[in-house]
Amino acid sequence: MAANVEAEAPHNTFDTILLLDFGSQTSHLILRRLRNEARVYCEMLPCTTKLAELTFKPKGIILSGGPASVYDKDAPHVDPAIFDLGVPILGICYGCQELAWRIDSANVAGGKIREYGHADVTIHNGANSHTNRLFAGLGETMHAYMSHFDKLVKLPEGFEVIASTQNSEYAGIAHQTKPIYGVQFHPELEHTPRGIEILRNFAIEICGAQPNWEMKDFIKKEIVRIRHLVGDRAQVIGAVSGGVDSTVAAKLMQEAIGDRFHAILVNNGVMRLNECEQVKETLDEHLGINLTVVDGAELFLSRLKGVNEPEKKRKIIGATFIDLFQQEALRIEKEAENTPNAGPVEWFLQGTSVSYKGPSATIKTHHNVGGLPETLKLKLIEPLRELFKDEVREFGRELGIHRDLVMRHPFPGPGLAIRILGEVDAERVAIARAADHIFISEIRAAGVYDEMSQAYVAISKDRAVGVQGDARVYGYIAILRAVKTLDFMSAEPYNFDFALLKKISTRIVNEVEGIARVTYDITSKPPGTIEME
Ligand SMILES: Nc1ncnc2c1ncn2[C@@H]1O[C@H](COP(=O)(O)OP(=O)(O)OP(=O)(O)O)[C@@H](O)[C@H]1O
Ligand SMILES: O=c1[nH]c(=O)c2[nH+]cn([C@@H]3O[C@H](COP(=O)(O)O)[C@@H](O)[C@H]3O)c2[nH]1
Ligand SMILES: NC(=O)CC[C@H](N)C(=O)O
Ligand SMILES: [Mg+2]
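The rules we used
Residues numbered from 1 in each chain as written. Chains lettered and ligands numbered in written order. Predicted model: local features only at pLDDT ≥ 70, side-chain atom pairs only at ≥ 80, totals over all residues. Heavy atoms only, no water. Buried < 20%, exposed > 50% of the residue type's maximum accessible area, 1.4 Å probe, protein only. Helix = DSSP H or I, 4+ residues; strand = E, 2+ residues; numbered from the N terminus. Pairing = 2+ DSSP bridges. Salt bridge = Lys/Arg side-chain N within 4 Å of Asp/Glu carboxyl O. Near = heavy atom within 4 Å. Polar contact = N/O pair within 3.5 Å; in protein donor to acceptor, adjacent residues only side chain to side chain. Areas by Shrake-Rupley, 256 points an atom, 1.4 Å probe, with all protein chains shown as cover. UniProt positions renumbered as here; feature names shortened; annotations may be inferred. Contact = heavy atoms within 4.5 Å. Axes fitted to C-alpha atoms, helices over the stretch in contact; angles between N-to-C directions.

Peer 1: I'd love a proper account of the pairing of strand β4 (residues 89–92), names of residues and values included.
Peer 2: Side chains I89 and G91 project from β4 onto one buried face, and the interleaved L90 and I92 project onto a second face that is buried too. Inspection of the sheet shows β4 paired to strand β9 (residues 180–183) by four bridges, in the parallel sense. Across the sheet, the residue bridging to G91 is G182, located in β9.

Peer 1: I'd like a rundown of the pattern of salt bridges, residues and numbers included.
Peer 2: Summed over the entire model, instances satisfying the criterion amount to 23 salt bridges. Between R408 and E275 there is a salt bridge whose closest N-O contact spans 2.7 Å. Residue R408 is located in the loop between α12 (403–406) and α13 (426–445), and its partner E275 is located in helix α8 (residues 275–287); the two are separated by 133 residues in the primary sequence. You'll find R408 and E275 in the same group, each marked buried. In this structure, K379 and E346 form a salt bridge, with 3.7 Å as the shortest nitrogen-oxygen distance. With K379 in strand β14 (residues 379–381) and E346 in strand β13 (residues 345–349), this residue pair connects regions lying 33 residues apart in the sequence. Residue K379 is classed as partly exposed on the basis of its relative accessible area of 42%.

Peer 1: Residues and numbers for the site of ligand 3, please.
Peer 2: Near ligand 3, the surroundings consist of G65, G66, P67, A68, C93, Y94, Q97, S147, H148, F149, D150 and H186. In the environment of ligand 3, a nitrogen atom lies 2.9 Å from a nitrogen or oxygen atom belonging to the backbone of S147. At 3.4 Å from a nitrogen atom of ligand 3 is found a side-chain nitrogen or oxygen belonging to H186. Notes on ligand 3: free accessible area 290 Å², of which the protein chains cover 89%. Of all the secondary structure elements, the ones that give two or more residues to the shell around ligand 3 are α4 (94–103) and β6 (141–152).

Peer 1: Residues and numbers for the UniProt feature "binding site: ATP" (unreviewed entry) in the protein chain, please.
Peer 2: Those places that UniProt annotates as "binding site: ATP" (unreviewed entry) correspond, in this numbering, to S241, G242, G243, V244, D245, S246 and T247. Inspection of the secondary structure puts S246 in helix α7 (residues 244–257). Owing to a relative accessible area of 5%, S246 belongs among the buried residues under this scheme. S246 has contacts with A239, V240, S241 and G351, leaving out every residue within four places of it along the chain. Take T247: it is sitting in helix α7. Using a relative accessible area of 0% as the deciding quantity, one classes T247 as buried. Every residue in contact with T247, bar those within four places of it in the chain, is listed here: G242, L283, L287, I401 and L405.

Peer 1: Give a description of the sheet that holds β14 that names residues and reports values.
Peer 2: Spatially, β12-β11-β10-β13-β14 is the arrangement adopted by the five strands of the open sheet, whose pairing is parallel. Every interior strand has two partners, whereas the edge strands, β12 (291–295) and β14, have only one. Each neighbouring strand pair of the sheet contributes to a mean axis angle of 30 degrees, computed without reference to strand direction. With five bridges joining them, strand β11 (residues 261–267) and β12 adopt parallel strand pairing.

Peer 1: Explain the environment of A263 to me, and be specific about the residues and the numbers.
Peer 2: Looking at the secondary structure, you find A263 in strand β11. Considering only alpha carbons, one finds A263 and S246, 17 residues apart in sequence, at a separation of 9.5 Å. Setting aside its immediate chain neighbours within four residues, A263 contacts G238, V240, I289, N290, L291 and T292.

Peer 1: Please give an account of the sheet that holds strand β2 (residues 41–46) that cites residues and values.
Peer 2: Strand order in this open sheet of nine strands is β2-β1-β3-β4-β9-β8-β7-β5-β6, and the pairing throughout is mixed. Edge positions in the sheet fall to β2 and β6, since each of these pairs with one other strand and no more. For this sheet the average axis-to-axis angle between neighbouring strands, irrespective of direction, equals 20 degrees. Strand direction decides the pairing type here: strand β7 (residues 159–164) and strand β8 (residues 172–175), joined by four bridges, are antiparallel. Bridge assignment links E160 to a residue of β8, and that residue is A174. Together, β3 (60–63), β4, β5 (108–123), β6, β7, β8 and β9 form the strand contacts of α4, whose direction differs from that of β4 by roughly 115 degrees.

Laid out in structure tokens, this is it:
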């Protein structure tokens, strides 16, 4: 990255807390609470990040929780160089165990009981004003949420106890002289009601970070950053799906570089009913973004013919997206020749927002339009890469994008193909489309669209028998799925009104030829996932 571009990156213009992620399900909540509630900018990187690779100096470091046990052979550990950086450190759960284990591996051991749930924390008066800073203003007791098995069994040398619970003698620790702190409980969870005060004490009081993170400033800075990054001549091709992420990214890009930005929607043959037309209209007419729709429907469906395996389907779709974008990049370059816009297409815009960065197992190949292959001579630009979905929505509202678009449920890049179990063909796409359209229309008509985070209909691979109008039918099973989630990492099934479900079922069976039954998927995530494949 060019020096001036890096200089504009948010971690260089805002005081930044660095969160090193050990893979906890709640790491991102630390980040969100710091940004949205404490208004301190925070960035999350994998726990394995080497300090030498950092291009900025954080004001402080937080080590998150995580599923591993510090004493396991393959457990992840931080780069010890963080202790030489001279900035304050806060370890949370696994992070706290990591601090203790580094001093002496005998400090941490498996507990006798798993402690999941509420705990009453007693706050101790530290020996000096320094050790008292983390819990300043909190009084003598507080409620906290615990989720651990391992625990500190000895007080690490040089530390003192600043909090304890019935099960955890060392629920809070502070180094006697250095600004290093650890807590066994999770201040980032809502179940730790005063947790935000602890995070504030750490970030603002102890690290001295300015609480000045504002979405408006971020937008202004992003526009400047993009202009620097792209320069005066280069062109940018953008993958725009009509989803909130890519629409917001496209609007930002257009504000930054005008018509050197080329928005492309690929019709992958597995979009929803009338989706391409609607997206084109919304972007052109309401947002003034000139969108080209590339029709790849036949190509995608022909490559998916005979393919059953979910990961294979995802990979084929990803690769086909890339092929088409590559073609488009060449076309744009050619068409711009001899115009004032002439210039190389150097950048590829994707609207991806934050996903999990810790050491977790790959459950699915989440591709957006696929990993960028070497052959694609384009550099990736992802202006939303540090934002969460709700932050992208706030961003979209600031940019003046219509509420309906900003609040749209996400729709995955591989589209209906991962909702049509097994082989995808034109007939089953038509069935899935029709059923999905009824489901979403009824949800909207009932006024509950915003109550759920995502809803769709999947189609089974096998068929079931039914009776319609006295005749035997043999058709697919429509699987309705609707979930509520904040972060898409975990989700709960939406608690439907039964009469509404029945109405939807009746309509789908009556109106969609090829469907014999309707079921509602009530699996949570985990152990399920949101999409079927
Ligand atoms: N059919 C498509 N045509 C062009 N680009 C696409 C298409 N589908 C997905 N993409 C690209 O993949 C990215 C990731 O998809 P993703 O679904 O996560 O985001 P989104 O579609 O912008 O928003 P949302 O998450 O709300 O659906 C998009 O931002 C876009 O860049
Ligand atoms: O752009 C995308 N490309 C993909 O390959 C993909 N797979 C899943 N999703 C979306 O991610 C969220 C979590 O989905 P899962 O629980 O199924 O993993 C849900 O919102 C899914 O819709 C995808 N989005
Ligand atoms: N939530 C956590 O960070 C758990 C840490 C560790 N795996 C334990 O069980 O104690
Ligand atoms: Mg999408």
